[in-house]
Amino acid sequence: MKLATWNINSLTVRLPQVLDWLAANPVDVLALQELKLTDDKFPHTAFAQAGYSSQCFGQKTYNGVALTSRTPAVAVVKNIPGFDDDMARVISATFPLLGNAANDSSKDSVLPNINKGLRVIGAYFPNGQEPGSDKFEYKMAWLSGLRAWLRTELQTYPNLVLMGDYNITFDDADVWDPEGMRDQIHCTDEERYHLQSLIALGLTDAHRLFAQPPKSYSWWDYRDMAFRRNRGMRIDHILVSKTLKPLVSACHIDKTPRKNERPSDHAPVVLELALATA
DNA sequence: ATGGCCATCGCGGATGGA
């Protein structure tokens, strides 16, 4: 199965591009961020006509996340339980897996707890604006809330994917100009500490499991011809739990839609798993 | 370089993004 995450910077503007991309890349699950619309405006019918059912968690003007999938999602949860937030940033759901106890009597499986399905969390991490700002403090609090919740979530759902726009780089390899960006937003030690604390819960950056093109980025500023000059950052990530790590068969960033007219500033990240949905 | 671009709200220009 294939999963993908894409910050589309307004679904109102980018819906045709998302549908075009899905037609060319019929992934099983697509996580979307920055819908910038309310739930009543979500284009369920357009996705359904493309063969996808959607769960959305939107708000007016800002933020907003969704999971759209070829098989229906179950056990949908919105935002981070235990962390009060007036912004729509997280949506989680389970996708039943082929080979679970209900439809396969074989005792051996490639995956422990396969009957618990695949838990997918799509997230739009706070931007943080600038170190020292109120928004940066909110980002740090949000990251602490995410980590505390994920610790228990991983016990409930051992087969877990956390993907989305993290708004954090792992290290200098994720930054086109590490010296110029040093201690700037997305690149501070505090943000990277939080990202590593997610790794410490037992998650793995799927992108780094494979040889990647040099200077692989997922976001490029709209200004200054940044995409053409490949002046970007890798801030969109797919993290997988320990049980899923051996089943990851590929992970890549698809730069193709960044070449569209009126593109999102982010590119999709695609994960391939040696698993099938039920 | 105190910036450039884009989306939203809404009809001018501020705010947020990253």
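Basis of the calculations
Residues numbered from 1 in each chain as written. Chains lettered and ligands numbered in written order. Predicted model: local features only at pLDDT ≥ 70, side-chain atom pairs only at ≥ 80, totals over all residues. Helix = DSSP H or I, 4+ residues; strand = E, 2+ residues; numbered from the N terminus. Rg over C-alpha atoms; globule rule 2.2 N^0.38 Å. Buried ≥ 20, exposed ≤ 12 C-beta atoms within 10 Å, placed from the backbone. Contact = placed C-beta atoms within 7 Å. Pairing = 2+ DSSP bridges. Near = placed C-beta within 6 Å. Nonpolar A, V, L, I, M, F, W, Y, C, P; charged D, E, K, R; others polar. UniProt positions renumbered as here; feature names shortened; annotations may be inferred. Axes fitted to C-alpha atoms, helices over the stretch in contact; angles between N-to-C directions. Parallel < 35°, antiparallel > 145°, perpendicular 65-115°, else oblique. Arc of directions from axis to C-beta.

What to know about the overall build of chain A
Here is step 1: Of regular secondary structure, chain A possesses 5 helices and 14 strands.
Here is step 2: Taking 19 Å as the expected radius of gyration for a compact globule of 278 residues, we find that chain A reaches 18 Å, a close match to that expectation.
Here is step 3: Projected onto its principal axes, the C-alpha coordinates of chain A cover approximately 55 × 40 × 40 Å.
Here is step 4: Taken across its 278 residues, chain A has 43% of its residues classed as buried.
Here is step 5: When contacts within chain A are restricted to residue pairs at least 6 apart in sequence, those whose partners lie at least 24 apart make up 70%.

What about the sheet that holds strand β12 (residues 236–240)?
Here is step 1: Judged by pairing direction, the sheet is mixed, and its 6 strands sit side by side in the order β5-β6-β7-β8-β12-β9 without closing on themselves. One side of each edge strand has no neighbouring strand; the edge strands of this open sheet are β5 (74–78) and β9 (204–205).
Here is step 2: Here 6 bridges tie strand β7 (residues 118–124) to strand β8 (residues 160–165), and the two strands are oriented parallel to one another. Within β8, the position partnered with Gly-122 by the bridge is Met-163.

Description of the protein's contact with DNA strand B
Here is step 1: Neighbouring DNA strand B are 23 residues, the closest being Ser-10, Thr-61, Asn-127, Tyr-222 and Arg-223.
Here is step 2: The residue makeup of the surface near DNA strand B, split by class, is 6 nonpolar, 9 polar and 8 charged.

So, the UniProt feature "site: Transition state stabilizer" (unreviewed entry) in chain A
Here is step 1: In this structure's numbering, the residues bearing the UniProt feature "site: Transition state stabilizer" (unreviewed entry) are Asn-167.
Here is step 2: Secondary-structure assignment places Asn-167 in the loop between β8 and α4 (178–181).
Here is step 3: Not counting residues within four places of it along the chain, the set of residues in contact with Asn-167 comprises Phe-125, Pro-126, Asn-127, Gly-128, His-186 and Ile-235.

Re the packing of helix α3 (residues 134–156) against helix α5 (residues 189–199)
Here is step 1: Two elements in contact, α3 and α5, have axes separated by 10 Å at closest approach and are oriented at 10°. Judged by the angle between their axes, α3 and α5 are roughly parallel. Contacts between α3 and α5 involve Met-140, Leu-143, Arg-147 and Leu-150 from the first element and Glu-190, His-194, Ser-197 and Leu-198 from the second.

Some remarks on the sheet that holds strand β13 (residues 248–253)
Here is step 1: Read across the sheet, 6 strands follow the order β3-β4-β2-β1-β14-β13 without closing on themselves; strand pairing throughout is mixed. Bordering the open sheet on either side are β3 (53–57) and β13, each of which pairs with just one other strand. Each strand axis lies, on average, 10° off the axis of its neighbour in the sheet, ignoring direction.
Here is step 2: As paired elements, strand β2 (residues 29–33) and strand β4 (residues 65–69) share 5 bridges and run antiparallel to each other. Bridging across to β4, Gln-33 finds its partner in Val-65.

Focus on the UniProt feature "site: Important for catalytic activity" (unreviewed entry) in chain A
Here is step 1: The UniProt record annotates "site: Important for catalytic activity" (unreviewed entry) at Asp-236.
Here is step 2: Secondary-structure assignment places Asp-236 in strand β12.
Here is step 3: Residues contacting Asp-236, with those up to four places away along its chain left out, are Thr-5, Asn-7, Gly-164, Asp-165, Tyr-166, Ser-218, Trp-219, His-266 and Val-269.

Thoughts on the environment of Arg-262
Here is step 1: Topologically, Arg-262 is positioned in the loop between β13 and β14 (269–273).
Here is step 2: Looking at Arg-262, the number of C-beta atoms within 10 Å reads 10, which means it is exposed.
Here is step 3: As for Arg-262 and Leu-239, which are separated by 23 residues in sequence, their C-alpha atoms are 29 Å apart.

Brief notes about α5
Here is step 1: Buried residues of α5: Glu-191, His-194, Leu-195 and Leu-198, and no others. Around the axis of α5, the buried residues are gathered within 100° of arc, so they sit on the same side. Residues of α5 that are exposed and point more than 90 degrees away from the buried face comprise Asp-189, Tyr-193, Gln-196 and Ile-199.
Here is step 2: Those residues of α5 that are buried lie in contact with α3 and β12.

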